[in-house]
Amino acid sequence: MAHQQWDPLLYDRKHAFVFEYGRELIGLLDPKPGERILDIGCGTGHLTRAIADAGALVLGIDSSPEMIERARSAYPGLDFQLADARSFALPGSFDAIFSNAALHWIPQADQVAARIAENLKPGGRLVVEMAGRGNVARIIAAVREVLRELVQVEVEHGWYFPSIGEYAGVLERCGLEVRYAALFDRPTRLEDGEQGLRNWLAMFGGRMLDIVPGELREPAIAKAEERLRPALFQQGCWTADYRRLRVVAERAA
Ligand code: BEZ
């Protein structure tokens, strides 16, 4: 997997929706005082903090040193560690594992699920939300079309957007029992008016756009905007065609 370089300030300022939507997921997690909870892909730590506010003993892990640094400086009283979701080894086991908007960055889902199962107590729960099958399908199609025309390349987006069936299989193979799963559209308004889509592409589109030579980057973005405008730009705002996969599972007791 190519290393994604994160700008934690841009993430917090312009993409606050990532963790704002995640707050609803904490209701599903229902953290209890004294529970030991792991937050995988904690980013800048805002949801880790919300879990800690419920009285749980929470550890946030993320593979981005920039994100961990920002989380530690924002919440010095909380525990954050640099770790890869595919290979983390932590002492003790957890009552619950939580992850919001992180696992779609990691195509090696079997490795992640194995680490989750190993680190959950028997009867422990997993609460996950990530992008699901069909996520940002219009944006991906437009960028691919533009790159085909402009630089004659076929790009793969490289994210992991599984269906319910696919992801349930991944979890079940690791001994986790799926109790709830939903795949739903969540059109997401991007901040900054006219700039919204290009900000999103700057933050998240690297895997597709890195291949574009510098001088063609701006024309490629402008063409993608032109194609997407009729469907995704309304009343001065861009909306990304997000689709979420939400899953609750349990490790057999
Ligand atoms: C998402 O949250 O759906 C997402 C974010 C960045 C890249 C791809 C998907």
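Keep in mind that this is a model prediction, so the values were computed, not measured.

1. Quick notes on the site of the ligand
Here is step 1 of the chain: Neighbouring residues of the ligand: His104, Trp105, Ala131, Asn135, Trp159, Phe161, Trp200, Phe204, Tyr242 and Arg244.
Here is step 2 of the chain: A distance of 2.8 Å separates an oxygen atom of the ligand from a polar atom in the side chain of Asn135.
Here is step 3 of the chain: A distance of 2.2 Å separates an oxygen atom of the ligand from a polar atom in the side chain of Arg244.
Here is step 4 of the chain: Contact with the protein chains hides 97% of the accessible area of the ligand, taken as 260 Å² for the molecule alone.
Here is step 5 of the chain: Along the lines of polarity and charge, the residues of the shell around the ligand split into 7 nonpolar, 2 polar and 1 charged.

2. Focus on unusual backbone geometry
Here is step 1 of the chain: The phi dihedral of Ala101 falls on the positive side, at around 55°, and the residue is not glycine.
Here is step 2 of the chain: Within the secondary structure layout, Ala101 lies in the loop between β4 (94-100) and α5 (109-119).
Here is step 3 of the chain: We classify Ala101 as buried; its relative accessible area is 18%.
Here is step 4 of the chain: Here the phi dihedral of Gln152 falls at roughly 55°; this positive angle occurs in a residue that is not glycine.
Here is step 5 of the chain: Within the secondary structure, Gln152 is located in the loop between α6 (137-151) and α7 (164-173).

3. A few points about the packing of aromatic side chains
Here is step 1 of the chain: Going through the model one piece at a time under the given rule, you end up with 8 aromatic pairs.
Here is step 2 of the chain: Ring plane angle 40° and centroid distance 6.1 Å describe the contact between Trp105 and Phe204, whose orientation is recorded as tilted. Of this pair, Trp105 sits in the loop between β4 and α5 while Phe204 sits in helix α8 (residues 196-204), placing them 99 residues apart in sequence.
Here is step 3 of the chain: Among the residues examined, Phe204 registers a relative accessible area of 6% and is labelled buried.

4. Some thoughts on helix α3 (residues 46-53)
Here is step 1 of the chain: Burial runs high along α3: 6 of the 8 residues are buried.
Here is step 2 of the chain: By the burial criterion, the buried members of α3 are His46, Leu47, Thr48, Ala50, Ile51 and Ala52.
Here is step 3 of the chain: Just downstream of α3 lies Gly55, where phi reads positive at about 100°.

5. Structural notes on the sheet that holds strand β7 (residues 188-189)
Here is step 1 of the chain: In space, the 3 strands of this open sheet follow the order β7-β9-β8, with antiparallel pairing throughout. Both edges of this open sheet fall to β7 and β8 (233-234), since each of them pairs with a single strand only.
Here is step 2 of the chain: Pairing geometry for β8 and strand β9 (residues 237-240), over 2 bridges, is antiparallel. Residue Phe233 lies in a different strand from β9, and its bridge partner there is Trp238.

6. Here we look at the pairing of strand β10 (residues 243-251)
Here is step 1 of the chain: Bridge analysis of strand β5 (residues 120-131) against β10 gives 7 bridges, and the strand direction is antiparallel. Paired with Val128 across the bridge in β10 is Val247.

7. Side note on the pattern of salt bridges
Here is step 1 of the chain: By the definition in use, this model includes 22 salt bridges.
Here is step 2 of the chain: When the shortest N-O distance is used, the salt bridge between Arg186 and Glu129 registers 3.4 Å. Pair noted here: Arg186 is in the loop between β6 (176-185) and β7 and Glu129 is in strand β5, with a separation of 57 residues, a long-range link.
Here is step 3 of the chain: Using a relative accessible area of 2% as the deciding quantity, one classes Glu129 as buried.
Here is step 4 of the chain: Close ionic contact of Arg144 with Glu156 constitutes a salt bridge, the shortest N to O distance being 3.6 Å. Highlighted residues: Arg144 in helix α6 and Glu156 in the loop between α6 and α7, separated in sequence by 12 residues.

About the thresholds
- Residues numbered from 1 in each chain as written.
- Predicted model: local features only at pLDDT ≥ 70, side-chain atom pairs only at ≥ 80, totals over all residues.
- Heavy atoms only, no water.
- Near = heavy atom within 4 Å.
- Polar contact = N/O pair within 3.5 Å; in protein donor to acceptor, adjacent residues only side chain to side chain.
- Areas by Shrake-Rupley, 256 points an atom, 1.4 Å probe, with all protein chains shown as cover.
- Nonpolar A, V, L, I, M, F, W, Y, C, P; charged D, E, K, R; others polar.
- Helix = DSSP H or I, 4+ residues; strand = E, 2+ residues; numbered from the N terminus.
- Buried < 20%, exposed > 50% of the residue type's maximum accessible area, 1.4 Å probe, protein only.
- Phe/Tyr/Trp six-rings, centres within 6.5 Å; stacked < 30°, edge-to-face > 60°.
- Pairing = 2+ DSSP bridges.
- Salt bridge = Lys/Arg side-chain N within 4 Å of Asp/Glu carboxyl O.

These values are about where atoms sit, not about what they do.
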